[in-house]
Amino acid sequence: MNDALKLIEHFERATCEDPLTAHRNAYGVLAIGYGHTDGVCEGEEIGRAVADYLLIADLEKIYSQIDALLAPTAKREMSENMRQAVASFAHSIGIASFKETTILRRLNARLYAEVPKEMAKFNHFELRELLVLKRRREAEGALFCSFPNWLK
């Protein structure tokens, strides 16, 4: 399993009980399983296998969307750990929000050292810092930086 999946599974924490029920996430958006939001209905229930499937499908879609937004040089230079950290981050805030971030601009400008610091800024909801978001951003930043010669 890749590290983006591990991060998302850890921070989205689908409950251990089957069935999993739709709930409001840290941003107040209706979600189910591991943060799946597309077409979720109030009171909806799914099993663990469906939650796992939806997470993999969501991540594949996010990787594709991120690749379409990245400049060719950035796409070529980014390590797998960098891609996974950015995918976890985009999964958390949504691809529409990701498109507007300084993070995307830093990636395309090849200012990789600034990305973890920018990620850390996304730890608030309604002007309140949320510990779970702070920890997630720290984990994503650590993953982003976690390979040799990352500032090459």
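Computed from a predicted structure; not experimentally measured.

Definitions and cut-offs
- Residues numbered from 1 in each chain as written.
- Predicted model: local features only at pLDDT ≥ 70, side-chain atom pairs only at ≥ 80, totals over all residues.
- Heavy atoms only, no water.
- Helix = DSSP H or I, 4+ residues; strand = E, 2+ residues; numbered from the N terminus.
- Rg over C-alpha atoms; globule rule 2.2 N^0.38 Å.
- Axes fitted to C-alpha atoms, helices over the stretch in contact; angles between N-to-C directions.
- Parallel < 35°, antiparallel > 145°, perpendicular 65-115°, else oblique.
- Contact = heavy atoms within 4.5 Å.
- Nonpolar A, V, L, I, M, F, W, Y, C, P; charged D, E, K, R; others polar.

1. What about the overall build of the chain?
When helices and strands are counted, the chain shows eight helices and six strands. When its helices and strands are written in sequence order, the chain yields α-β-β-β-β-α-α-α-α-α-α-β-β-α. In terms of C-alpha radius of gyration, the chain reaches 15 Å, essentially the compact-globule figure of 15 Å for 152 residues. When the backbone C-alpha atoms are referred to their principal axes, the chain occupies close to 45 × 30 × 25 Å.

2. A look at the packing of helix 4 (residues 80–93) against helix 8 (residues 131–144)
Helix 8 packs onto helix 4 with a crossing angle of 155° between their chain directions and a minimal axis gap of 7 Å. Judged by the angle between their axes, helix 4 and helix 8 are roughly antiparallel. Residues Asn81, Met82, Gln84, Ala85, Val86, Ser88, Phe89, His91, Ser92 and Ile93 of helix 4 lie in contact with helix 8, whose contacting residues are Leu133, Arg136, Arg137, Glu140, Leu143 and Phe144. Of the residues in the contact of helix 4 with helix 8, the class split is eight nonpolar, five polar and three charged.

3. A look at the environment of threonine 73
Mapped onto the elements, threonine 73 comes out in helix 3 (residues 72–77). Residues threonine 73 and arginine 110 lie 37 residues apart in sequence; the distance between their C-alpha atoms is 8.0 Å. The contacts of threonine 73, once residues within four sequence positions are left out, are Arg110 and Tyr112.

Interpretation in functional terms is not warranted from these geometric data alone.
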